[in-house]
Structures are given as C-alpha cells and as structure tokens.
Amino acid sequence: MDIIQQQRHGVSFYACPSPAWSGTAHGFSTRLGGVSPAPWESLNLGAGRGDNPANVGENFSRFCAAVGADVNALVKNHQVHSARIRPVTRADILPNPVQAGEFQADGLVTNEPGVCLTIFSGDCIPILLYDPVRRCVAAAHAGWRGTAAGIAARAVDRMVRDYGCQADNILAAIGPGIGPCCFETHADVPDGLRCGLGEDAGAFIRPLAVPGKFSVDLKGANARFLRRAGLTPEHIAVCPACTACNLDVFWSHRVQGGVRGSMAAVIQLL
C-alpha cells in the first residue's frame, strides 16, 4: 500500500488510495489550502498557535470536506508525548471543532462510526490504524518518546484487547513526519529506542561524523513496533515525505520552532 499526496476542493493532503481503506474517511494534512495568514499560512489546524480561531475553524471545515470526514464530530487529546491510548465514543465529540482537547493522551481508539479521531503533528509521526473486519480505528501521535515507548504497538494491543481485533487484519498508515535525513539527535533518542526495541533499534540509528550525534529513523522504528505487534508488512504503508525537508508543503517544529502552524491527521469510520 502507498500513501500519496492528493488534492480535493483546493486542499492538499496525503491518504491511502487503496480500496482496503474505503470504510474510512482519513487523511494527513499539509499546510496548503487554508485561509490563515503568515506565519500560519495557510491550512493551520492548531488552535493554540496564536492564529485567529475563525481561521482554524474554516481550515478544519476545508480539510474535513477534502478527506470526506465530519468536521462536527472531532475528538482530540491534549498531547503530552506519552504512550497513553484513550478509548472514545460519540460522547467525547467536541462541541466546537476549534476547541482543544483536554484529556492527556497521545492516542485515540473507537469502534463507533461517525467519531472523527484527530491528532496533531509538526515533525512527530502521525499513525492511523484501521481494522476493516471488526470495524475499529485508532490514531496515534508518535514523537520520539512515544515511539520509543511503543505507542504504535500499544494502539494495536488496545484494538485487540478491547475491541476483538486480530492484528493481522489491521491496516496502518504512517504519515508525513521528520525523516532520518533531518532528524539529528544526541544519545538520548537512540538510548530510548534501544530500551523499547532492543537489538532491533540498531537498524534505525546511524552515528554521524560529529561525536555523540545520531540520525534516527522514527518512521522505520514505528513500522518495526507495528510488525512486532502482529501486523503484516504488506499492511503497513509509510509516507516517505519529510516535514523538515519540505517547508513549502509542511511545517517543521525542528526548523521553524514555535512560530508556525500545525498539521493534523483524522480518521473516521463511515
């Protein structure tokens, strides 16, 4: 499966075009197709970045319309770089699409049609999961701490344990995020990955010429966690786009700091 860039109603986003995903509305946003002025130009979906809330609301309406999701059914978390997965229902839908999430967690899971799971990123790795057999979806925000703590695998485990899913039926889409080309770190990140993946972590860590500096592949590490959780390789799609390399398409926290907009990823059972 592939994740490709698409455009609908003037909004650019990434999604899996495979018919296997047809039971969902889903997508990963870019910064293109919205109404926000600089420095949030233009499809800013982050309510806490200083942008006018009216702009954020219009941007969400445009993004959700482009991917086929219901803007009035959003569920969000207050993301804290954890590995906590929160089960949600229609009772958790926010009354206003601009409203920020308050529950501290970095993952959402549901089996209720119409609930639109929403996560945010600006270099971190967004992950969407879908079981077309048991009709269950999950979304996870995987920064390096969440990646090292296995948030991707924990989301799968929650789907299996609480919703009766079988791991080999689950489809995964690992969206745009910072790539190993741009993610240079000190030893804390490799050490964290080694704690989570053991010897498998070595495949995603490359020492650089500067002593004590490393390049880390967070997308690859999350894919490995998903395979460990029981997903088949052909069910894991990885978007190659690097957010730090492509500032004309994405925002990057590492490059731009806090003066920027935010991307979002959504998934909703139809």
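Model, not experiment: these values are computed from the prediction. Position labels on residues start from 1 in each chain and follow its written sequence. Confidence filtering applies because this is a predicted model: local features only for residues at pLDDT of at least 70, side-chain atom pairs given and counted only at 80 or more, and all residues used for totals across whole chains, interfaces and linings. For the side-chain quantities, the full set of heavy atoms in the structure was used; hydrogens and water were omitted.

**A look at the pairing of strand 8 (residues 125-131)**
The classification of residues rests on relative accessible area computed with a 1.4 Å probe and restricted to protein chains. Under 20% of the type maximum is buried, over 50% is exposed, and intermediate values are partly exposed. Secondary structure elements are defined from DSSP: runs of H or I of at least 4 residues count as helices, runs of E of at least 2 residues count as strands, and each element is numbered from the N terminus. Burial of strand 8 is extensive: seven of the seven residues sit out of reach of the surface. The two faces of strand 8 match: I125, I127, L129 and D131 on one face and P126, L128 and Y130 on the other face are all buried. The antiparallel pairing of strand 8 with strand 9 (residues 136-142) creates a hairpin that spans four residues between the two strands, and R135 there sits at a positive phi of about 60°. Here, strands pair whenever DSSP counts at least two bridges between them. By the bridge criterion, four bridges tie strand 8 to strand 10 (residues 171-174) in an arrangement that is antiparallel. Along strand 10, the bridge assignment pairs L128 with A173.

**Focus on the pairing of strand 3 (residues 24-29)**
Among the six residues of strand 3, six are classified as buried, and the element is accordingly described as predominantly covered. Covered by surrounding structure in strand 3 are T24, H26 and F28 together with A25, G27 and S29, the residues of both alternating faces. Pairing geometry for strand 2 (residues 11-15) and strand 3, over two bridges, is antiparallel. Bridge pairing in strand 3 places F13 opposite S29.

**Some thoughts on the packing of helix 4 (residues 188-197) against helix 5 (residues 218-228)**
Think of each axis as a best-fit line through the C-alpha atoms, taken over the contacting stretch in the case of a helix, with angles from 0 to 180 degrees between the N-to-C directions. The contact between helix 4 and helix 5 brings their axes to 11 Å, and the two run at 10°. With respect to helix 5, the element helix 4 is oriented roughly parallel. Within the contact between the two elements, helix 4 uses L193, G196 and L197 and helix 5 uses A221, R224, F225 and R228. The nonpolar class holds Ala, Val, Leu, Ile, Met, Phe, Trp, Tyr, Cys and Pro. Asp, Glu, Lys and Arg form the charged class, and all remaining residues, Gly among them, are polar. Classifying every residue of the contact of helix 4 with helix 5 by side-chain character gives four nonpolar, one polar and two charged. Should an angle fall under 35 degrees it is called roughly parallel, over 145 degrees roughly antiparallel, and 65 to 115 degrees roughly perpendicular, with every other angle called oblique. The contact criterion used throughout is that any non-hydrogen atoms of two residues lie within 4.5 Å.

**A look at the packing of aromatic side chains**
Any two rings among Phe, Tyr and Trp, with Trp reduced to its six-membered ring, count as a pair given centres within 6.5 Å; such a pair is stacked if its planes are under 30 degrees apart, edge-to-face if over 60, and tilted if neither. Within this structure, the stated rule accounts for three aromatic pairs. Each ring, one from W21 and one from Y130, has its centre 5.9 Å from the other, and the planes form 40°; the classification is tilted. You can see W21 sitting in the loop between strand 2 and strand 3 and its partner Y130 sitting in strand 8, a full 109 residues away along the chain. Note on W21: relative accessible area 1%, which makes it buried. Look at Y130 and you get buried, because its relative accessible area is 3%.

**Thoughts on the sheet that holds strand 4 (residues 74-75)**
If you trace the six strands from one edge of the open sheet to the other, you get 1-2-3-15-7-4, paired in mixed fashion. Only two strands of the sheet have a single neighbouring strand rather than two, namely strand 1 (4-8) and strand 4.

**Quick word on the pattern of salt bridges**
The working definition used for a salt bridge is a side-chain nitrogen of Lys or Arg within 4 Å of a carboxyl oxygen of Asp or Glu. In this structure the tally under the stated criterion is seven salt bridges. Between R158 and D162 there is a salt bridge, and its shortest N-O distance comes to 2.5 Å. In this pair, R158 and D162 both sit in helix 3 (residues 151-163), four residues apart, roughly one turn of the helix. Bridged by salt links that share partners, the residues R158, R161 and D162 form one connected network.

**Considering the environment of T118**
Looking at the element boundaries, T118 is found in strand 7 (residues 116-121). Residue T118 is classed as buried on the basis of its relative accessible area of 1%. Spatially, the C-alpha atoms of T118 and C239 are 18 Å apart, while their sequence positions differ by 121 residues. Here T118 is in contact with F60, L74, V75, K76, N77, L108, A264, A265 and V266, once residues within four sequence places are set aside. Within 3.5 Å is the distance limit for a polar contact, defined as a pair of N or O atoms, with the added protein rule that one can donate a hydrogen and the other accept it, and that residues adjacent in sequence qualify only through two side-chain atoms. Looking at T118, its side chain comes within polar contact range of the main-chain oxygen of C116, at 3.2 Å.

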